[in-house]
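# Structural overview for review
Spelled out from the first residue to the last, the chains are:
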Number of protein chains: 2
Amino acid sequence: MSTTPPAIADSKQPATSPSRRELNKAATRQAISDAALQLLRSKGPGNFTVEDIAEAAAISRRTFFNYFSSTEAALASVTHGFLDNALAQFRLRPADEPILESARAALVQLADPMTVAPMAELYSLAQSNPQLNRSELEAWDHCTAQIIEAARERFARTSGGELDELYLRALAGSVISCGKAAMDVWFAQHGADLSAKSLSKLRQLLIDAMGLLGSGFTPTANLSTDRH
Amino acid sequence: MSTTPPAIADSKQPATSPSRRELNKAATRQAISDAALQLLRSKGPGNFTVEDIAEAAAISRRTFFNYFSSTEAALASVTHGFLDNALAQFRLRPADEPILESARAALVQLADPMTVAPMAELYSLAQSNPQLNRSELEAWDHCTAQIIEAARERFARTSGGELDELYLRALAGSVISCGKAAMDVWFAQHGADLSAKSLSKLRQLLIDAMGLLGSGFTPTANLSTDRH
DNA sequence: CCAAGAACTTGCACAGAGTGTAAAAATGCA
DNA sequence: TGCATTTTTACACTCTGTGCAAGTTCTTGG
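Along each chain, numbering runs from 1 in the same order as the chain's sequence is written. Naming scheme: in the order in which they are written, chains are lettered from A and ligands are numbered from 1. This being a predicted model, a pLDDT of at least 70 is required before a residue's local features are given, and a value of 80 or more before pairs of side-chain atoms are given or counted; all residues contribute to the totals for chains, interfaces and linings. Values shown for side chains rest on all heavy atoms present in the structure; no hydrogens or waters enter the calculation.

### Points about the overall build of chain A
- Counting from the N terminus, the helices are DSSP H or I runs at least four residues long and the strands are E runs at least two residues long. Summing up its helical and strand segments, chain A has nine helices and zero strands in all.
- Reading chain A from its N terminus to its C terminus gives the helix and strand order α-α-α-α-α-α-α-α-α.
- Partly exposed describes any residue whose relative accessible area lies between the buried limit of under 20% and the exposed limit of over 50%, with all areas from a 1.4 Å probe on protein chains only and scaled to the type maximum. Looking at chain A as a whole, 43% of its 228 residues are labelled buried.
- In this analysis, two residues are considered to be in contact whenever any of their non-hydrogen atoms come within 4.5 Å of each other. Contacts in chain A between residues far apart in sequence, at least 24 positions, make up 65% of those at least 6 positions apart.
- In short, Shrake-Rupley with a 1.4 Å probe defines the accessible areas, and a residue's cover is counted only from the protein chains shown. Accessible surface, chain A as shown: approximately 11,800 Å² in total, 54% of it carbon and sulfur.

Below, the structure written as structure tokens:
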């Protein structure tokens, strides 16, 4: 790693940030994450050490810890990427749209092969491992916190002030729980199948989950459309 | 610890299980948990080791690990106790009652001083610490899984077969999220205040959260009763 | 272009977590 | 009481996570 990248004639410098330093850091970070995932694939959870990851990423053990606080954290960057994506979609929605509708739209955006693939793989590999599952939980929780922030801003922008903390937190938590439930069901039924058919099923599950939430889980009228 | 308990004339042996061995184990487990909590109080999160806990509980370091897999796990037994309690309440509800109503009833049962006190203390002490928060999350997740089981059994008993996995998981996850949201708001507003007034507020928050869930988070009609 | 300084990497050392193993102590049972 | 079973304990060992100081690489201003 970082043995003087071959100084490509850097013709354009897109406005501000991507300095050499930042590019290197991003690359290293990615290399670590990739190496960790590769080892997870080849050796299985719990059967490799930080030293192994460092070696595979061609950095020192110490540098690994400059980037991630643990093996799990390195792997969880996949999940974080996935959820950050969801959050970004959510923030793009118009501020006057109902939260649930925004959530539905944001989640449906995720059901595309490129986005879901890494998540699906990590999910299946992590299944058996308690440690990994804990960091997955943490990632979802982190996302919940960010949704709360996003929704808070949105409310502040539209309705002046005085919003109900309970409403905010309960809603954000439920949205995430339902999103997670949909993915759990999908994983359970389809494993790592990323075919168009399977992905459309995922989309439908996400929509249905938001529908359940929006209708207060009325036990009658067993929700919407084409459950095979 | 375990230096031959003073052989109290064990007049009654309640039916089956509580043998001397099991009693000792339960006592040791409790002693460890207590010692850990005590250290958390006196030194703050992250400022004591497993060895410290073991010493305080008068056992060896190795024995600690026979009971708990980490410091956090020892502390999380508080939360597990709290949530197991909730689950037990849930299971006591009649099988034909709507799930949300059962959840509401079960959660309200928890808003009593003896039950909430340890949870509230742990919550405030754990606030700052990432490690502790992770095991808290894990505890809530574990509870979600058990609620799913409980609800599954209930459905199986009443409605024959064929129930919707998505419905089950989304509902259970949302119920837990809302319960957690209510507790979060309560903690944020009342800290460790266990007065009757504060507890009645907690009850109301729990009821309101279930109400929100049952009404599909309709943004209009800002829910029910006496907010502060 | 280059020197000074900022940012990053690395090796080293060290405290602590977790686990296998085998011997010792406690407990259960006949 | 004596033997079988379970639990505790000491010990050794690997791995994690972090502080520190010396070495590298990048940035920036002259």
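Having seen it, we continue.
### Section: the environment of His 142 of chain A
Residue and element names in this part refer to chain A.
- Tracing the chain through its elements places His 142 in helix H7 (residues 130-158).
- Among the residues examined, His 142 registers a relative accessible area of 37% and is labelled partly exposed.
- Along the primary structure His 142 and Leu 168 are separated by 26 residues, whereas in three dimensions their C-alpha atoms are 15 Å apart.

### Some points on helix H6 (residues 113-126) of chain A
Residues and elements named next belong to chain A.
- The terminal C-alpha atoms of H6 lie 19 Å apart, and with 14 residues this matches the ideal 20 Å at 1.5 Å per residue to within 8%.
- Those residues of H6 not exposed but buried are Thr 115, Val 116, Met 119, Ala 120, Leu 122 and Ala 126. Looking straight down H6, one finds that the buried residues subtend no more than 170° of arc, so they occupy a single side.
- Packed against the buried residues of H6 are helix H1 (20-43), helix H4 (71-92), helix H5 (99-110), H7, helix H8 (165-190) and helix H9 (196-214). Helix span, as expected, comes to 1.5 Å for every residue beyond the first. An arc is given here, and it is the one of the directions from the helix axis to the C-beta atoms.

### A look at the domain arrangement of chain A
All names here are of chain A.
- By convention here, the domain bounds are inherited from an automatic or database domain assignment. Its domain assignment divides chain A into domain 1 (18-68) and domain 2 (72-214).
- With centres defined by C-alpha atoms, the gap from domain 1 to domain 2 works out at 26 Å.
- Buried area is understood as the total, over both parts, of accessible area removed when two parts are fitted together, assessed with a 1.4 Å probe. Both sides of the domain 1 and domain 2 interface together cover about 870 Å² of buried area, and 74% of this is carbon and sulfur.
- Each salt bridge in this description consists of a side-chain nitrogen of Lys or Arg and a carboxyl oxygen of Asp or Glu lying within 4 Å of one another. Counting the contacts that link domain 1 with domain 2 gives one salt bridge.
- Residues adjacent in sequence count toward polar contacts only when both atoms are side-chain atoms; beyond that, a polar contact is any pair of N or O atoms within 3.5 Å, and within protein one must be able to donate a hydrogen and the other to accept it. Where domain 1 meets domain 2, there are three residue pairs in polar contact (both at pLDDT 80 or more).
- For the side of domain 1 that touches domain 2, the leading source of residues is H1, giving six residues.
- The residue makeup of the side of domain 1 that touches domain 2, split by class, is seven nonpolar, two polar and one charged. Residues were grouped as follows: Ala, Val, Leu, Ile, Met, Phe, Trp, Tyr, Cys and Pro as nonpolar; Asp, Glu, Lys and Arg as charged; and all remaining residues, including Gly, as polar.

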